There are 4 protein chains.
Amino acid sequence: MISFENDYNTGAHPRILERLMETNTEPLSGYGTDPYCEQAKEKIRASCQCPDAQVEFLSGGTQTNSVVISTMLSDYEGVLAADTGHISTHEAGAIEFAGHKVLTLPHQEGKILPDTLKKWMKDFYGDGNHEHMVFPGMVYLSHPTEYGTLYTKEELTKISSICHTYQIPLFLDGARLGYGLMSLSTDLTLPDIASLCDVFYIGGTKVGCLCGEAVVFSKQNRPSHFMTSVKKRGALLAKGRLLGIQFDTLFTDDLYFEISSHAIMMAEQLKEIFHEVGLPFYLESPTNQQFIILENQQMEELKKEVAFSFWEKYDETHTVVRFATSWSTKEADLKKLKELLLS
Amino acid sequence: MISFENDYNTGAHPRILERLMETNTEPLSGYGTDPYCEQAKEKIRASCQCPDAQVEFLSGGTQTNSVVISTMLSDYEGVLAADTGHISTHEAGAIEFAGHKVLTLPHQEGKILPDTLKKWMKDFYGDGNHEHMVFPGMVYLSHPTEYGTLYTKEELTKISSICHTYQIPLFLDGARLGYGLMSLSTDLTLPDIASLCDVFYIGGTKVGCLCGEAVVFSKQNRPSHFMTSVKKRGALLAKGRLLGIQFDTLFTDDLYFEISSHAIMMAEQLKEIFHEVGLPFYLESPTNQQFIILENQQMEELKKEVAFSFWEKYDETHTVVRFATSWSTKEADLKKLKELLLS
Amino acid sequence: MISFENDYNTGAHPRILERLMETNTEPLSGYGTDPYCEQAKEKIRASCQCPDAQVEFLSGGTQTNSVVISTMLSDYEGVLAADTGHISTHEAGAIEFAGHKVLTLPHQEGKILPDTLKKWMKDFYGDGNHEHMVFPGMVYLSHPTEYGTLYTKEELTKISSICHTYQIPLFLDGARLGYGLMSLSTDLTLPDIASLCDVFYIGGTKVGCLCGEAVVFSKQNRPSHFMTSVKKRGALLAKGRLLGIQFDTLFTDDLYFEISSHAIMMAEQLKEIFHEVGLPFYLESPTNQQFIILENQQMEELKKEVAFSFWEKYDETHTVVRFATSWSTKEADLKKLKELLLS
Amino acid sequence: MISFENDYNTGAHPRILERLMETNTEPLSGYGTDPYCEQAKEKIRASCQCPDAQVEFLSGGTQTNSVVISTMLSDYEGVLAADTGHISTHEAGAIEFAGHKVLTLPHQEGKILPDTLKKWMKDFYGDGNHEHMVFPGMVYLSHPTEYGTLYTKEELTKISSICHTYQIPLFLDGARLGYGLMSLSTDLTLPDIASLCDVFYIGGTKVGCLCGEAVVFSKQNRPSHFMTSVKKRGALLAKGRLLGIQFDTLFTDDLYFEISSHAIMMAEQLKEIFHEVGLPFYLESPTNQQFIILENQQMEELKKEVAFSFWEKYDETHTVVRFATSWSTKEADLKKLKELLLS
């Protein structure tokens, strides 16, 4: 059985486990105040070319979205997101649990188009009374999106500019950021993102960690007493070292970029295989998630030997499925997949 | 520098790291649905002699308290706890974040005495109208308590009985449960706890794990759609394997009990040293946390070579400090401490 | 200046003020436990032909929606509503404040079509994993809707049946219920609504009260300790008599229906005037809210002498506006409006 | 049957009902934007000698406490209150519902002593780490307290000064403020309170209104978009006129002070009666609530002819009960009470 089920189905990059072993017996102070956390933060700041950035580590994506959004919004504000955004659909109401509404915008292949946002803001502040409505207090983007697509530098610049016009922060969910940065067709760098966004996170869980996301507040805008707010949300790990050591490892010798790049190369090969086999793509994704349309019978057959994800029904006889590569995808598995598809 | 600062200052038990290594490349399903989680649950059920127990894994203590309490209380209820309870003082308002009040009872060395609880309940339901008050919906105990003390079987039986009289669940915070179970002066076993409590957790973070707590619902009383509620609180790890593998290791060949017992033996030696040196104890603790009273000058001197925790001021010239042993405490460090204290 | 701005721009029906005067000096017990509240509840039960109904009084519409929804949903559930529903758009995030998501369905003239709901439920429970999503825990309808439209008995029966299939309650927001019940083109009676819905409220604020809504739990399904939950939300009036006396008056000698009927007759005359003048309707409303399209210049002129509400932009040169009649609308004002429009 | 049960057992001051009648048919804009609200605010500002104060109207005490506290606290903060404070005990967890902890201080006859507060703050910021604790973000006082007692000008000045030292607002719950201001033994005026507190409210529900409290932000410190936050909490009345007209009436020709003074005179007579009869006082209250100790048998007898409140058990054979006067207490009732007690 080979697996392209998702990008979190294996453990951690071996170098991370080695570092955990090496440092295991050192007594370290808790709650993220240890030197490995400090080192990791310093390396991330350097990688972002943002020496003033405030970096914080959390355990997972939903937790990070909930903590960041709910500590940055004012009481009367909600967060704008694509209707396909992770916070809109697949976080079980975590934003609402913290008391805030997700205001949804129609998506285009998972993205919010700058014009859609612009028009929405203009309409909101345009006519009539909006004191009875939730105010837009933040824009949330995922990059790559839930469909594997990417914002261009032009798009992100425009969205950033709209946010600044209305004086609300731009938050980028980078659960799969590495795969976006190493995509063959992106023009956005990590420093670009640090500069255009007010806050974003560098995903670890899906890019080589056992768990962990690194939140970057790039404009000296970390909420006051952030550690207490993290604790209040049950999100403060006693052994912060677990997060610090992982990110320290990922940002040593460009490991994060190297393993992300590997996933992209594997995805390119995967695309080639699908092209060769003649399987139709649901949409064009330049990152590690590939969406294809399978005839239902074919899907059932393939399931017996390959793990992949159900995405959505296409029509009565076809289904959209997702194949994901990751830092741990092996070329041998691609080869085997190709054989299976051609057989 | 030697450290008795707390019981979470080192990494994980080596056998846990080995297991993480060994299983690292296996593709596993996410969110706690992998076979290691299943195995771990089975072993915990066996250890509790509670074949029907529902076991769930979470990452840390505050998170566990918040998730368990807020999913089990009704809207109009709060949780009863000692005024020294972790949820009352050191969780940054996590219970209140989830919308519920912590109703505090006066403690005795960290414990709620059965009579204190009984009287409180009787008074609450006694006279007058209580429709404008928060209803008691659960009793929260920590065992060992924040002062290292332990409930006796008689006390726990009485408290359990009061809870059942008023039909509210009894929840035991076992962040340091192993150290309680292996104490030389306890008469409570894990099956006793599973039988007397409605829900409790077996702490991993402070007993050999990188992170992780195992919640046991021992009365077929796990809240409906618990996974969704966990996700809603940002507490669902994508790589549930991280928790499953750790607990599977801890509950294989009684590792959990063995390493807890080690910490207790180290604590007994620590107590002996303090007795020999003539340092006064703040209270008598039968577990891994020891509280002694230091003269302030002496404390400042000792700090230079030994890490320990400030607990509270004793008087103008003395301070209560905490020394903690753990699964990872080395005998050599105790020896060194003794030398320092005697020099 | 004449006003059709909304249906809450005058005080209370004179008979209500008289009753407040008459009973003013009687010492009564607080928090809704007085005999006027009891009498009012009894009369409402009779009017609903639902002798077992549990009736509770609250102050306003948003408060009622928030209290009812948040006390009836389970932790992992959200409420389904039309994307134009009041809770979706104009309650400042009150449902989210209480920790729950509003799941939106596309509307048709303010209504949820039964087929839309049916398909949504089927899709939700159809394929794939939904443990990471907010579960549908209730259906919220407004009747009349925000566009003044009404559900037919057939539609409400179908929606009720879908709710029962999935075992979730159907909640009807009747902020303007009187105007719906007395519409010339409805086939739904108050007993029908009590029978088809699990919970609904009879609006007072917009139908003759100073404030107040009467919530009817028609299936013995009032949440446990409801008074405490109301208090917890800051929604319990000390002088519950204010609500009891108002509803007692409204449900004596059919006053509620009589004054609602008056508003409908006024609305019918209003429609006739617009037809005569040749003003286009934005949609066909059978209740007290009428939506017409005005040329912008004309709108500005009319504003100087008549109060009405901006609804939304129609196109660059036209605007949709709302005229509302109510229990207090005077025929003389209609006459004056007609003169103005014809002049 | 005569009633001293509480100070909210009758309707509204007759002048208020008259004004509601007189203005009833005027079409007014909603949600507190009408001219009566404006007038009332202006009069309150004048009465407070605080021309810059921002005044807002809400419906009841618990609602006001919850709205004010939760909109003024930061995420990581809680509110300090006496353990007998209304928010600590009798608001069903309303503060916690909004996500914040009530941090309790021991009371003295219902009051927080300045030294108690000072010591608490010093200890909190004194030693050790408090990042895991709820930060003190506001001080809540009730004046009169739940025991009818009053802060002196010196005490309030000291508490205000401590708050300013720690840069947190001082909030005074004035549910019964009129009775405090007109007490024969107070040295605090309304302008004093406006000057010493950062926010407070002037109670209407217990001082002549059907419902309503006037919140005064005296330091230009009303939270941003307050109306939206009020709406989000279900606390915005559509017919804001109900509150505006009531407070406009109360602050016309000093009616608020005049009727409060009446209640105090009635309380003084009540005290005299108790003294004459030789009933022991539980504590000395200078306001409209009087607490006496009754022998249980005597209490049961008296109950048959007089309504009063159970307060708490005194001992096995005695009970503390509360007699309250109000703006509507009649001298004839006092006379009758005296006769009953002497018979």
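Conventions adopted
- Residues numbered from 1 in each chain as written.
- Chains lettered and ligands numbered in written order.
- Predicted model: local features only at pLDDT ≥ 70, side-chain atom pairs only at ≥ 80, totals over all residues.
- Heavy atoms only, no water.
- Contact = heavy atoms within 4.5 Å.
- Buried area = accessible area lost by both parts, 1.4 Å probe.
- Salt bridge = Lys/Arg side-chain N within 4 Å of Asp/Glu carboxyl O.
- Polar contact = N/O pair within 3.5 Å; in protein donor to acceptor, adjacent residues only side chain to side chain.
- Helix = DSSP H or I, 4+ residues; strand = E, 2+ residues; numbered from the N terminus.
- Nonpolar A, V, L, I, M, F, W, Y, C, P; charged D, E, K, R; others polar.
- Phe/Tyr/Trp six-rings, centres within 6.5 Å; stacked < 30°, edge-to-face > 60°.
- Buried < 20%, exposed > 50% of the residue type's maximum accessible area, 1.4 Å probe, protein only.
- Axes fitted to C-alpha atoms, helices over the stretch in contact; angles between N-to-C directions.
- Left-handed = near helix turned anticlockwise from the far one by under 90°.
- Pairing = 2+ DSSP bridges.

(A) Main features of the interface of chain D and chain B. Every contact between the two is made by 20 residues of chain D and, on the other side, 20 residues of chain B. Buried area between chain D and chain B, summed over both chains or domains, comes out near 1,600 Å², and the portion from carbon and sulfur atoms is 57%. Along the contact surface separating chain D from chain B lie two salt bridges. Its salt-bridge partner being E96 of chain D, residue K101 of chain B comes within 2.6 Å of it at the nearest N-O pair. Counting across the chain D and chain B interface gives eight residue pairs in polar contact (both at pLDDT 80 or more). Broken down by secondary-structure element, the contributors of at least two residues to the side of chain D that touches chain B are α4 (86–89), α5 (94–97) and β11 (309–315) of chain D. No other element matches α4 of chain D, which puts three residues into the side of chain D that touches chain B.

(B) Broad picture of the interface of chain A and chain B. Residue-level contacts link 43 residues of chain A with 43 residues of chain B. Counting the surface lost from both chain A and chain B, the interface buries some 3,900 Å², and carbon and sulfur atoms represent 65% of this. Scanning the region where chain A abuts chain B turns up zero salt bridges. Between chain A and chain B we count 22 residue pairs in polar contact (both at pLDDT 80 or more) in total. When residues of the side of chain A that touches chain B are assigned to their parent elements, the largest contribution, five residues, is made by helix α1 (residues 14–23) of chain A. A breakdown of the residues in the side of chain A that touches chain B according to their chemical character gives 19 nonpolar, 16 polar and eight charged.

(C) A look at the packing of aromatic side chains. Counted by the stated rule, this structure contains 90 aromatic pairs over all chains. Taken together, a centroid distance of 6.4 Å and an interplanar angle of 55 degrees make the contact between Y125 of chain B and F135 of chain B tilted. Residue Y125 of chain B is located in helix α6 (residues 114–126), and its partner F135 of chain B is located in strand β5 (residues 135–142); the two are separated by 10 residues in the primary sequence. On the basis of relative accessibility, which here comes to 3%, the residue F135 of chain B falls in the buried class. When the centroid spacing of 6.0 Å and the interplanar angle of 75 degrees are considered together, the rings of F274 of chain C and F281 of chain C count as edge-to-face. Using a relative accessible area of 0% as the deciding quantity, one classes F274 of chain C as buried. On the basis of relative accessibility, which here comes to 22%, the residue F281 of chain C falls in the partly exposed class.

(D) Up close: the environment of G278 of chain D. Residue and element names in this part refer to chain D. Structurally, the position occupied by G278 is in the loop between α12 (255–277) and β9 (289–295). Judged by its relative accessible area of 54%, G278 is exposed. Taking the C-alpha atoms as reference points, G278 and I159, 119 residues apart in sequence, are found 37 Å from one another.

(E) Expanded view of the pattern of salt bridges. This model, assessed by the stated rule, comprises 68 salt bridges over all chains. Residues K111 of chain C and E155 of chain C are paired through a salt bridge, measuring 2.8 Å at the closest nitrogen-oxygen approach. Within this pair, whereas K111 of chain C is found in the loop between β4 (102–105) and α6 (114–126), its partner E155 of chain C is found in helix α7 (residues 153–165), the two being separated by 44 residues in sequence. What makes K111 of chain C buried here is its relative accessible area of 11%. The network of salt bridges with shared partners includes R19, E22, K43 and D248 of chain A.

(F) Region of the structure containing the packing of helix α2 (residues 35–47) of chain D against helix α11 (residues 241–250) of chain D. Residue and element names in this part refer to chain D. Taken N-terminus to C-terminus, the directions of α2 and α11 make an angle of 35 degrees; their axes are 8 Å apart at the nearest point. For the pair α2 and α11, the crossing hand works out as left-handed. Between α2, through Y36, C37, Q39, A40, K43 and I44, and α11, the contact on the second element is made entirely by G244, I245, F247 and D248. Partitioned by chemical class, the residues of the contact of α2 with α11 number six nonpolar, two polar and two charged.

(G) Representation of the pairing of strand β3 (residues 77–82) of chain C in the model. All names here are of chain C. The element β3 is extensively covered by neighbouring structure, given that six of its six residues are classed as buried. For β3 and strand β5 (residues 135–142), the ladder comprises four bridges, and the chain directions are parallel. When the bridges of β5 are listed, G78 appears paired with P136. As paired elements, β3 and β4 share four bridges and run parallel to each other. Across the sheet, V79 pairs through a bridge with V102, a residue of β4.

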